[in-house]
Amino acid sequence: MRIPFQTASLKRAPRALAVGVASLASLSALALPSAALADPLRVAVIESLSGMQASTGRPYLIAARYVLDALNAKGGFNGEKVIVTEYNSGGKPSGASEKFLQAAAEGANIVIQGSSSLIAAQLSDDIRDYNKKNPGKEVIYFNVGAEAMELTGEKCHFHAFRYTATAPMRIGALVSVMKQEGVLGKRVYSINQNYSWGQDVEASIKANAAPGGYEVVESVLHDVARIQDFSPFIAKIKAANPDTVLTGNWSNDLLLMMKAAGDAGLKVRFGTTFLDQVGNISNAGDGALGHYVAHPFNIELTDGTFAQDYLKATGHLPVYVEPNAVNALKGLVKALETIKPSGGAVKGNDIALALENTTIQTDIGPIAMRKEDHQALLPIVVSRVEKGVKYPVDGTDIGFKPVKVIAPEAVVYPVQAKCVMQRP
């Protein structure tokens, strides 16, 4: 008689256990604070961290971590610490595309990238396509350095934001100031990398010929990151006898060109967009004195507080693309501060709308975001290579003395007709 009873008891035991576990789970859920359900903001830095473009890619990563580490020290976002993950594109569009898929699978909400417009174009397209297929899980493309016009032209989209300058902004400022300084001359040699950015610079150099009062005596486009010896190009520049060389070259191509110019004792003045890249001044030596650069920031114009804090945090002063990237990321942080934490999922559209309405104040003026194409409206500093500056570079006694700060409205270009932005 006991066997059926025991059998029945054994059959009822799993149900009783399940009810007990369910009750405990319910009690546990009630006991958990709502913040435990919050998603952290996930930021993917997809950069050229190896190869010939690493000299530009790594500074963007350092600047991003500097700002986001400070945000985390204040509590992060949405009640959670921001998770920053770095992905190495290897300096290739295909590598960046592959890393984006990985980042998206790992829940990235924001992608930060800056070194190379070629890679930027690929990432921007990938992110736009991903967002179309995943409504409600939109990813923001936060461009801190890629300057090709197409990125705010035919490739513009609601979730892409550019927090840096473009070729018309830099070259327009450069030509204007060099002409005012009486150093531009009548004969200009144009040399640039043969891809979207270099082609934009070449077009801007030619477009500024009339207002600048010069003739473009020769215009050269060369392979990107493939030339190991620029001495033949320097020889051609010498033969053309220009007053000024204007170039948008960057990364290894500019480093090697400056080295070749220094080795050849070339006396021609350069007007550049990235001469402040680490290594250029040491490569050119005193031959760089009198050269010009148009850039989005110059720490010579600060009181030193930012420079010393960056030095303490990273081990070096903010140079090259780092100061502008820091300003860009501060714009992101300010936008995040306007979003009321929901304690739930991080929403890309909320971040995008906040970024559209964000203006930050910097030591050289305000930086705002133009809603129509998501191009940052930022000042451009034109500086001259001189001795006796507060912050000499490359272990030399040479640095970048600010000559003039050009206001955003004086350098920005109109919204391109090819930008047709679909808003949510």
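Details of the structure are given in the entry above.
Presented here is a report on the structure given in the accompanying data block. (Residues numbered from 1 in each chain as written. Predicted model: local features only at pLDDT ≥ 70, side-chain atom pairs only at ≥ 80, totals over all residues. Heavy atoms only, no water.)

### So, the sheet that holds strand β10 (residues 292–295)
Consideration 1: Here we have 7 strands laid out as an open sheet, ordered β7-β6-β8-β9-β10-β14-β15, and mixed in their pairing. Of all the strands in the sheet, the pair left with one neighbour each is β7 (215–222) and β15 (398–406). With strand direction ignored, the average angle separating the axes of adjacent strands in the sheet is 20°.
Consideration 2: Relative to strand β9 (residues 269–272), strand β8 (residues 244–247) runs parallel, the two sharing 4 bridges. In the strand pairing of β9, V245 is matched with F270.
Consideration 3: Against the sheet, helix α5 (residues 167–180) makes contact with β8, β9, β10, β14 (380–387) and β15, and its axis sits at roughly 140° relative to β10, the strand it touches most. (Pairing = 2+ DSSP bridges. Helix = DSSP H or I, 4+ residues; strand = E, 2+ residues; numbered from the N terminus. Axes fitted to C-alpha atoms, helices over the stretch in contact; angles between N-to-C directions. Contact = heavy atoms within 4.5 Å.)

### Here's the deal with the environment of K401
Consideration 1: In this fold, K401 is placed in strand β15.
Consideration 2: Along the backbone, K401 and Q422 are 21 residues apart, and their C-alpha atoms lie at a distance of 42 Å.

### Comments concerning the nonpolar core
Nonpolar side chains tend to gather and get buried jointly when the protein is soluble and globular.
Consideration 1: Judged by nonpolar contacts, the single largest core of 112 residues is most densely connected at L41, I110, I112, F142, Y163, I351 and L355.
Consideration 2: What F142 contacts, discounting residues up to four positions off in sequence, is I110, V111, I112, Q113, F161, Y163, A328, L329, L332 and L355.
Consideration 3: In this structure, Y87, A104, A121 and L123 belong to the second largest nonpolar core, which totals 21 residues. (Core = buried A, V, L, I, M, F, W, Y, C linked by side-chain atoms within 4.5 Å. Buried < 20%, exposed > 50% of the residue type's maximum accessible area, 1.4 Å probe, protein only.)

### Examining the pattern of salt bridges
Consideration 1: As enumerated under the stated definition, the model contains 12 salt bridges in all.
Consideration 2: D286 is the partner of K387 in a salt bridge, and the nearest nitrogen-oxygen pair spans 3.8 Å. Of this pair, K387 sits in strand β14 while D286 sits in the loop between α10 (280–284) and β10, and the two are 101 residues apart along the sequence.
Consideration 3: Since its relative accessible area comes to 48%, D286 is described here as partly exposed.
Consideration 4: Among the ionic pairs, R423 bridges to E356, the shortest N-O distance being 2.6 Å. Here R423, found in the segment after α14 (408–411), pairs with E356, found in helix α13 (residues 348–356); they are 67 residues apart in sequence, far enough to count as distant.
Consideration 5: By relative accessible area, R423 is classed as partly exposed at 43%.
Consideration 6: E356 gets classed as buried once you look at its relative accessible area, which sits at 4%.
Consideration 7: Three or more residues are tied together by salt bridges with common partners; here these are D125, R128, D129 and K155. (Salt bridge = Lys/Arg side-chain N within 4 Å of Asp/Glu carboxyl O.)

### A few points about the packing of aromatic side chains
Consideration 1: This model, assessed by the stated rule, comprises 8 aromatic pairs.
Consideration 2: When the centroid spacing of 5.7 Å and the interplanar angle of 65° are considered together, the rings of F306 and Y310 count as edge-to-face. Of this pair, F306 and Y310 both sit in helix α11 (residues 305–314), 4 residues apart, which is roughly one turn of that helix. Here F306 and Y310 have matching classes, each one buried.
Consideration 3: Put simply, the rings of Y66, F306 and Y310 pair up and form one aromatic cluster.
Consideration 4: For the cation-ring pair, K236 lies above F233, with the distance from its terminal atom to the ring centre recorded as 6.0 Å.
Consideration 5: Of note, R370 hangs over the ring of Y413, and the distance from its end group to the ring centre comes to 5.3 Å. (Phe/Tyr/Trp six-rings, centres within 6.5 Å; stacked < 30°, edge-to-face > 60°. Lys NZ or Arg CZ within 6 Å of the ring centre and 35° of its normal.)

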